[in-house]
Amino acid sequence: MSYKNTLCAFLASSLLTASAYGNISDNQEAWQYAILDNNLSYQLTDSLTTQIGARMIGTEANMRAVDWAVSHFKQLGYDKVWTETFTFPLWVRGEASAFVESPFKQPLKVSALGGSIGTPKHGIKAEVVAFPSITALKKAQPKDVKGKIVYVCVKMQPRKNGSGYSEVVSARTHGANIAGEKGAIAYLVRSVGTDSNRMPHTGIMKYDTNQKIPALALSNPDADLLSREIISNKPVTLSLLSTAHYVNGKYGIAKNVIAEITGRKKPKDLVVLGAHLDSWDVGTGAVDDGIGVGIVMATGSLIKQYQGRPKRTLRVVLFNGEEFGLLGAKDYVKQHKDELANHTAGLEWDFGNGKIYELATRINDKDRSMLKSLLKKLEKYGVQLDSDNDASAQSDLSKLTTLGMPSFNLMPDGMTYFDVHHTDNDTLDKVNQKAMRINTMIYSLVISHLLNLEQRFRNI
Ligand SMILES: [Zn+2]
């Protein structure tokens, strides 16, 4: 058997592994069958992660990802494709290492947090002081942390809706500020992730103080190890080295990629789909957010192919610089301020590939009846309406939610999403093809409904 045949056999067998949705073949329209049979979204994710891979802003790969997106949008039959450029301070990760020096000498797996400064050239060696939470760190006396390495060991809990992340992520984003202001010389945080791999989770941090100290994440098993050393009640000394830095005065260039399928009846009314094109420089950005890129790009193309041109215009935005603090989204809001009122609905896909269980909304109460027929169809797949009506359109598009855009969020089960998030383990083998086809079909069902409604949703 040739290599190619072996590969095909492997891919075919991996198609059969997802059965999360059970029997989904009842009462579908022909175009839904066609989308279910179509592997386009997975193929796009495969192509992006194979041909480009990791694509952090400021890297050459990120620029190639932009070219990849432009050429694929054109091939997929979008009417208009363009890019919008913004600049940002250039950050370099460099190298990072950590060792417990005493009481029991051990190497630890660490990763610099995005945006962190590095250590002095020869590193830092100091005693560790540990806190179970950010709240506990806030209450600490400066004399107890001065000159020490602060370690916050809060553990993230897996939750279906991802709320475990928001419960603890401030330990990553802001912990170094609190520690720095109390006189600490470095900051270490347990990875914000739910796995037990010896692999640190990176992610953005932001200084809002002049007392800048290096900030690093520790892999979860190493966090357990460090905690055990601390429990031994002997002083624990660590050495840390990180060469992370902003390149002095240098700005990088990044581009959002935007594509449209022009509406046949109401071309000025926009239904906006978002995903983020950039990833961290670890892994290949397959789950975060290669899946989203594949699903939103495929959705427009498949709707046009199987349903024809929709009433409203479908706009797909592949945001750049999401990982560095929604940089592309902030630029989009600036560049499109005159047409924000035309954004009649929006939703982003940036939460993996689990089974979709809920449609969350943030729309005017008077417009809820416009979802009636859609909800009936979604019920067949076990997707319920979230009654809270306070959803954000997720990630980048949350910027538009706060400006009054009617917003939707199709919630996939996120119990395992944070196992690979922002790690070397975010690779294509974590993406299930069958689940992706089903999710693309359900996503298309929602988008098609929003595109073809007689009335538009009111801004709120
Ligand atoms: Zn993401």
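Everything discussed here concerns the structure shown above.
Everything numeric here is computed off the predicted structure, so don't read it as measured data.

### Side note on empty space enclosed by the protein
In this structure the tally under the stated criterion is one cavity of 30 Å³ or more. Space inside the largest cavity adds up to approximately 50 Å³. Ser279, Trp280, Val282, Gly285, Asp288, Glu323, His422, Thr423 and Asp426 together form the lining of the largest cavity. Residues of the lining of the largest cavity, tallied by class, amount to two nonpolar, four polar and three charged.

### Some points on the pairing of strand E2 (residues 96-102)
Here E2 runs beside strand E9 (residues 237-242); their pairing, made up of six bridges, is antiparallel. If you follow Ala96 over to E9, its bridge partner there is Ser242. In this structure, E2 lies alongside strand E3 (residues 106-108), joined through three bridges in antiparallel fashion. Across the sheet, the residue bridging to Val100 is Gln106, located in E3. Hairpin geometry of E2 and E3 is characterised by an intervening segment of three residues between the two adjacent antiparallel strands.

### Digging into the packing of helix H3 (residues 40-51) against helix H4 (residues 60-75)
Orientation of H3 relative to H4, taken along the N-to-C sense of each, is 150°, at an axis distance of 10 Å. In terms of orientation, H3 lies roughly antiparallel with respect to H4. The two elements H3 and H4 meet at a crossing, and its hand is right-handed. Here Leu44, Ser47, Leu48 and Gln51 of H3 come into contact with H4, specifically with Arg64, Ala65, Trp68 and His72. Its residues placed into classes, the contact of H3 with H4 shows four nonpolar, three polar and one charged.

### Observations regarding the coordination of the zinc ion
Protein ligation of the zinc ion involves His276 (NE2), Asp288 (OD), Asp350 (OD) and Asp350 (OD), the donor distances falling in the range 1.9 to 2.6 Å. Geometry at the zinc ion is irregular, judged from the four donor atoms that bind it and their angles of 53 to 147° at the metal. The motif formed by the donor residues of the zinc ion, counted along the single chain, is H-x11-D-x61-D. Here His276 is found in strand E11 (residues 266-276), whereas its partner Asp350 is found in the loop between strand E13 (343-348) and strand E14 (356-362), with 74 residues between them in sequence. Per residue, the accessibility class of His276 equals that of Asp350, and both read buried.

### Notes on the sheet that holds strand E4 (residues 110-112)
Taken in spatial order, the eight strands make up an open sheet running E3-E2-E9-E5-E6-E7-E8-E4, and their pairing is mixed. Two strands in the sheet have a free side with no partner beyond their single neighbour: E3 and E4. Averaged over neighbouring strand pairs, the angle between their axes works out to 30° when direction is ignored. Across the sheet, helix H9 (residues 220-231) touches E2, E3, strand E5 (124-131), strand E6 (149-152), strand E7 (186-190), strand E8 (215-218) and E9, and the angle it forms with E3 is around 140°.

### Topic: the nonpolar core
Counting 97 residues, the largest nonpolar core has Val150, Tyr187 and Leu318 as its most contacted members. The contact partners of Leu318, leaving out residues within four places of it in the chain, are Ala69, Phe73, Asn256, Val257, Ala275, Leu277, Val293, Val296 and Met297. Judged by nonpolar contacts, the second largest core, of 19 residues, contains Ala98, Tyr151, Leu188 and Leu226.

### Quick notes on helix H10 (residues 286-307)
For the α-helix, the turn length of 3.6 residues means that residues three or four positions removed from each other point alike. For H10, the tally of buried residues reaches 18 of 22 residues, placing the bulk of the element in the interior. Where H10 terminates, the next one or two residues include Gly308, which has phi positive at roughly 85°.

### What to know about the packing of H10 against helix H15 (residues 433-452)
In contact at an axis separation of 9 Å, H10 and H15 are set at 60° when each is read in the N-to-C sense. Taken as axis vectors, H10 and H15 run oblique relative to one another. In the crossing of H10 with H15, the sense of the turn from one axis to the other is right-handed. Residue-level contacts link Ile291, Gly294, Ile295, Val296, Ala298, Thr299, Leu302, Ile303 and Gln307 of H10 to Met436, Asn439, Thr440, Tyr443, Ser444, Ile447, Ser448, Leu451 and Asn452 of H15. Taken together, the residues of the contact of H10 with H15 break down into ten nonpolar, eight polar and no charged.

Conventions we followed
Residues numbered from 1 in each chain as written. Predicted model: local features only at pLDDT ≥ 70, side-chain atom pairs only at ≥ 80, totals over all residues. Heavy atoms only, no water. 1 Å grid on protein atoms, 1.4 Å probe; cavity = no way out; pocket = protein on both sides within 12 Å on 5 of 7 lines; lining within 4 Å. Points joined across faces, edges and corners; volume = space filled by probe spheres on them. Nonpolar A, V, L, I, M, F, W, Y, C, P; charged D, E, K, R; others polar. Pairing = 2+ DSSP bridges. Helix = DSSP H or I, 4+ residues; strand = E, 2+ residues; numbered from the N terminus. Axes fitted to C-alpha atoms, helices over the stretch in contact; angles between N-to-C directions. Parallel < 35°, antiparallel > 145°, perpendicular 65-115°, else oblique. Left-handed = near helix turned anticlockwise from the far one by under 90°. Contact = heavy atoms within 4.5 Å. Donors = N, O, S within 2.8 Å, 3.2 Å for Na, K, Ca; no water. Tetrahedral: all angles 85-135°; square planar, octahedral: opposite > 155°, others 65-115°. Buried < 20%, exposed > 50% of the residue type's maximum accessible area, 1.4 Å probe, protein only. Core = buried A, V, L, I, M, F, W, Y, C linked by side-chain atoms within 4.5 Å.

Read these as spatial facts, not as claims about activity.
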